[in-house]
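# Examining the three-dimensional arrangement
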Amino acid sequence: MKKIVGILAAAAVAVSAFAVDFSAGMQLKANLFEYDGATNNVGAFKLWNENGKDDKPFIFSLSSDRVGGTIKIFDSNGDYGQAGKAPAGMAAHAFNIWFKPFDMVRVDLGGQDIKLNVEHITWWKGNIVGGFLNGWDGIGDWGYKATLNVDAFSVALAFLPGNNAWWFSNSGSTTSLNETTLYVQYAADFGTINAIFDAKDTFKNIKAGVGFNGKFDALGIFADVAFFYNNSAAAAVDFDVSYSMDDFGIEAYFAWKATNFNAINMDTMNLATFLKVSYALNGGSLYFKFLDADVLNNAFNAEFHVGYDGNLGAMSYEVEALIEVGTSVKVSVPCFFRVGF
């Protein structure tokens, strides 16, 4: 009996050395009404479950001063739409283990998240060299990463082979390297400067970018510049400015990219323009959003959102009127309901 008590006591001491967190949540998406001008179809009261790419229903994490780990369980086996719905699943990018062999060094194994600056108008979609501005194939999200932190300076080197794949391989006369990423960041008093270099396919596909973000009282800004080479050269620039005063907030985001330096014209350039205006009320906020993925396109294609984003206890929700204008007009009333704990 004493031995059992001793084992339980030792286990309790070991567990107490870790901070254990569990979070869960779910999202239901609805469309209360939709009119599609292209087909003249009308529908009402559609409902399905759909969690966002960064919104996992179940997240388990534990950490100590030296070691930690995270497990994410999500629905649909990675399918975030309605087609091919499947029971809850897990995938490589949903696992992460980290440890600190030294005070200034941290090693991350598994899922990685390496990018420059992110706009918040389109939720998880907006980031450069790893998302919206990169647009072509992004930065890998699975592999090894070592980070050195010295005061306000940090540098990270990552080897990203993908799940169950080799970063380095040699088959006789052929040697190949998968993806390598170098990330540098300096946190100054006036803001954060960061830079990234990424190479894959044995340095045939290269990306490099530098960014800045800062907060000046009620004004926030960030800007990024990125260059790409994969058989041809390309470049991208984005700029975001946000301002808040009392209950009023506004954010504008611009992203320009030229996909081929060998032939720069309207067909190989893109200019995205996003705008969001919000006004806070008790328990939520009213907002207006304008989204145009390419204002340089000869055909006008844009989205107009007018909605309300609110909270009711543990539940957050959004309801809006959405007008999509293109070769035809679509009008809908989408809703989101999210509960988390």
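What you are looking at is a predicted structure, and each value in this text was computed from that prediction instead of being measured. (Residues numbered from 1 in each chain as written. Predicted model: local features only at pLDDT ≥ 70, side-chain atom pairs only at ≥ 80, totals over all residues. Heavy atoms only, no water.)

## Observations concerning the overall build of the chain
The criterion, for reference: Starting at the N terminus, helices and strands are each numbered in turn, a helix being any DSSP run of H or I of at least four residues and a strand any DSSP run of E of at least two. Residue contacts follow a heavy-atom distance rule, with two residues in contact if any of their heavy atoms lie within 4.5 Å. Only the protein chains shown count as cover for residues, and all accessible areas are computed by the Shrake-Rupley method using a 1.4 Å probe.
Looking only at helices and strands, one finds 1 helix and 21 strands in the chain. Sequence-distant contacts in the chain: of pairs separated by 6 or more residues, those separated by 24 or more amount to 43%. Accessible area for the chain stands at about 19,200 Å²; split by element, carbon and sulfur atoms hold 63% of it.

## A word on the nonpolar core
Which entries qualify depends on this criterion: Here, nonpolar core refers to any group of buried Ala, Val, Leu, Ile, Met, Phe, Trp, Tyr and Cys residues whose side-chain atoms link them within 4.5 Å. Burial status follows relative accessibility: with a 1.4 Å probe on protein chains alone, a residue under 20% of its type maximum counts as buried, one over 50% as exposed, and anything between as partly exposed.
Listed in full, the 8 residues of the largest apolar core are Ile114, Leu116, Ile139, Ala156, Ala158, Leu160, Tyr183 and Ile196. Looking at this core, the element that brings in the most residues is strand β8 (residues 153-160), giving 3 residues. In this structure, Ile121, Phe222, Ala272 and Leu291 belong to the second largest nonpolar core, which totals 7 residues.

## Some points on the packing of aromatic side chains
The criterion, for reference: Whether two aromatic rings pair depends on their centres lying within 6.5 Å, for rings of Phe, Tyr and Trp, where Trp uses its six-membered ring; planes under 30 degrees apart make the pair stacked, over 60 edge-to-face, and the rest tilted. Either the NZ atom of lysine or the CZ atom of arginine qualifies as a charge over a ring when it sits within 6 Å of the ring centre and within 35 degrees of the ring normal.
For the coordinates displayed, the defined rule picks out 6 aromatic pairs. With a centroid separation of 5.3 Å and an interplanar angle of 55 degrees, the aromatic rings of phenylalanine 290 and phenylalanine 304 are classed as tilted. Placement of the pair is phenylalanine 290 in strand β18 (residues 284-292) and phenylalanine 304 in strand β19 (residues 302-312), with a sequence separation of 14 residues. On the basis of relative accessibility, which here comes to 18%, the residue phenylalanine 290 falls in the buried class. Residue class for phenylalanine 304 comes out partly exposed when judged on its relative accessible area of 28%. Taken together through their ring pairs, the aromatic side chains of Phe222, Tyr253 and Phe274 make up a single cluster. Across from the ring centre of tyrosine 287, 5.4 Å away, lies the NZ or CZ of lysine 276, which sits over that ring.

## Remarks on the side chain of asparagine 31
For asparagine 31, the location among the structural elements is in strand β1 (residues 19-36). If we ignore the near neighbours within four places in the chain, the residues touching asparagine 31 are Ala44, Phe45, Lys46, Trp48, Ser332, Val333 and Pro334.

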